Amino acid sequence: MPAPNVRPRPKVIVTRRLPQAVEARMAELFDVELNLGDEPMTQEQLADAARRSDVLVATVTDEVDAAVFSAASETGKLKLLANFGVGVDHIDLGAARAAKVVVTNTPGVLTDDTADMVMALILSVPRRLAEGEKLVRAGEWHGWSPTGMLGHRITGKRLGIIGMGRIGRAIATRARGFGLTVHYHNRHRLPPEVEAELEATWWDNLDAMLARVDIITINCPHTPETHHLIGARQFALMQRQAYIINAARGEIVDENALCEALAAGKIAGAGLDVFENEPAIDQRLMELPGVVLIPHMGSATFEGRQAMGEKVIANIRVWVDGHRPPDQVLEGWA
Ligand code: DGY
């Protein structure tokens, strides 16, 4: 009887704990090594994993830098970096290309959850939700008063969206339901029919939009071009009653300049899900009024994280079968 054609299972190393069902499915399909302690890996541990795996499943808390890819090249084993997450700014894509490692991500499945969280921040900051909650918990609320806890109305305000990809557009759809008018700045103008559907006004010039809108939300990727896209000069252009929301990447905003702008009253408040040096947060942000801080939880739903895991598995399986993974980030040499 001929020997069954059994392909060896790829060695897959996962850098953080994933939803239980995702880990269980990976264990069925692959020769998987899980990180049961869930401690973020050190650079040495990442390099070691890159030497020993066919597939490395990394995430935003891993700095997958040139040294990691150089370690991978020592054995030439690593062929696929299947990122659990949509952002890839923690991965040195040039070094990945040089090491001939395919990179994939998980777009699409966290769009609605992230857009919902941006809306939650848009509602929370002008309406002082976090301050009110703290007041009640501190036992310092002594009853309703005509002038108590006043914030700013959302309806009728102008929202400026920086980055009109999937998440930006999902925010625009939600924002219209709250009576906000939608403005956006994006490298490319949306097709006229999409603009019409979203009732969105395109601003070619970011400075001009910043000066005009009441609430700014950042939803572009972090790249060398968008690093510190919003700094002291941009805060000086904004209206004093403007609010800024960031659920994209902390590095897009110069956090020091943000603290200075808030302290000087150049803008009215900020809602932040991401920080420049996560998980460290500038102490001034903790103390400034008008600031809502949440711990990088835009995509943190059971459903979303499960779907992200399924995308990671699908990318690995398609790659194992010798095809181009559906969510390949780099083109040209796979
Ligand atoms: C991403 O996917 O890039 C998020 O920031 C982490 O969920």
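Scroll up to find the structure.
So, a few notes on the structure that sits alongside this text. Please read all numbers here as calculations on a predicted model, not as lab measurements.

1. Here we look at the nonpolar core
Soluble globular proteins tend to pack their nonpolar side chains together in the buried interior.
So, point 1. In this structure, Met-26, Val-57, Ile-122, Met-164, Ile-171 and Ile-316 are the most contacted members of the largest nonpolar core, which totals 47 residues.
So, point 2. Broken down by element, the residue count for this core peaks at 6 residues, all from helix α5 (residues 111-124).
So, point 3. Residue-level mapping places this core at the junction of two domains, with at least three residues from each of domain 1 (11-109 + 302-320) and domain 2 (111-293).
So, point 4. Other than its neighbours up to four places away in sequence, Ile-122 contacts Ile-154, Leu-159, Ile-171, Leu-180, Ile-215 and Ile-245.

2. Re helix α11 (residues 255-263)
So, point 1. Where α11 is concerned, the buried positions are Glu-255, Ala-257, Leu-258, Cys-259, Ala-261 and Leu-262.
So, point 2. Elements in contact with the buried residues of α11: α10 (232-237), β10 (243-246), β11 (269-272), α12 (283-287) and β12 (291-293).
So, point 3. N-cap assignment for α11: the residue whose side-chain oxygen lies 3.2 Å from the backbone N of Asn-256 is Asp-254.

3. Brief notes about the site of the ligand
So, point 1. Gly-85, Val-86, Gly-87, Leu-110, Arg-249, His-296, Ser-299 and Met-308 make up every residue found near the ligand.
So, point 2. Here an oxygen atom of the ligand sits 2.9 Å away from a polar atom, N or O, in the main chain of Gly-87.
So, point 3. At a separation of 2.7 Å, an oxygen atom of the ligand approaches a polar side-chain atom of Arg-249.
So, point 4. Here the ligand has 230 Å² of accessible area as a free molecule, and 89% of this is covered by the chains.
So, point 5. Its residues placed into classes, the shell around the ligand shows 3 nonpolar, 4 polar and 1 charged.

4. Section: helix α3 (residues 66-75)
So, point 1. Among the residues making up α3, those that are buried are Val-68, Phe-69, Ala-71 and Ala-72. The buried residues of α3 occupy an angular sector of 155 degrees when the element is viewed end-on, so they sit on one face. Opposite the buried face of α3, at more than 90 degrees from it, the exposed residues are Ala-67 and Glu-74.
So, point 2. Taken together, the buried residues of α3 touch α2 (43-52), β4 (80-82) and α4 (93-98).
So, point 3. Just past α3, the residue Gly-76 takes up positive phi, approximately 70 degrees.

5. A word on a nonpolar patch on the surface
So, point 1. On the surface, Val-136, Trp-141 and Trp-144 cluster together into a nonpolar patch covering about 440 Å² of accessible area.
So, point 2. Position of Val-136 relative to the elements: it lies in helix α6 (residues 129-137).

6. Concerning the pairing of strand β9 (residues 215-218)
So, point 1. Going residue by residue along β9, you find Ile-215 and Thr-217 tucked away on one face and Ile-216 and Ile-218 tucked away on the opposite face as well.
So, point 2. Of the strand pairs in this sheet, strand β6 (residues 158-162) and β9 are connected by 4 bridges, and their pairing is parallel. Within β9, the residue paired with Ile-161 across the bridge is Thr-217.
So, point 3. Pairing geometry for β9 and β10, over 4 bridges, is parallel. Paired with Thr-217 across the strands is Ile-245, a residue of β10.
So, point 4. Viewed along the sheet, the connection from β9 through α10 into β10 turns out right-handed.

What counts and what doesn't
Residues numbered from 1 in each chain as written. Predicted model: local features only at pLDDT ≥ 70, side-chain atom pairs only at ≥ 80, totals over all residues. Heavy atoms only, no water. Core = buried A, V, L, I, M, F, W, Y, C linked by side-chain atoms within 4.5 Å. Buried < 20%, exposed > 50% of the residue type's maximum accessible area, 1.4 Å probe, protein only. Helix = DSSP H or I, 4+ residues; strand = E, 2+ residues; numbered from the N terminus. Domains from an automatic or database assignment. Contact = heavy atoms within 4.5 Å. Polar contact = N/O pair within 3.5 Å; in protein donor to acceptor, adjacent residues only side chain to side chain. Near = heavy atom within 4 Å. Areas by Shrake-Rupley, 256 points an atom, 1.4 Å probe, with all protein chains shown as cover. Nonpolar A, V, L, I, M, F, W, Y, C, P; charged D, E, K, R; others polar. Arc of directions from axis to C-beta. Patch = residues over 30% accessible without salt bridge, like charges linked within 9 Å, V, L, I, M, F, W, Y side chains within 5 Å. Salt bridge = Lys/Arg side-chain N within 4 Å of Asp/Glu carboxyl O. Pairing = 2+ DSSP bridges. Right-handed = clockwise from strand over helix to strand, strands pointing away.

By themselves, these are just geometric observations and shouldn't be taken as functional.
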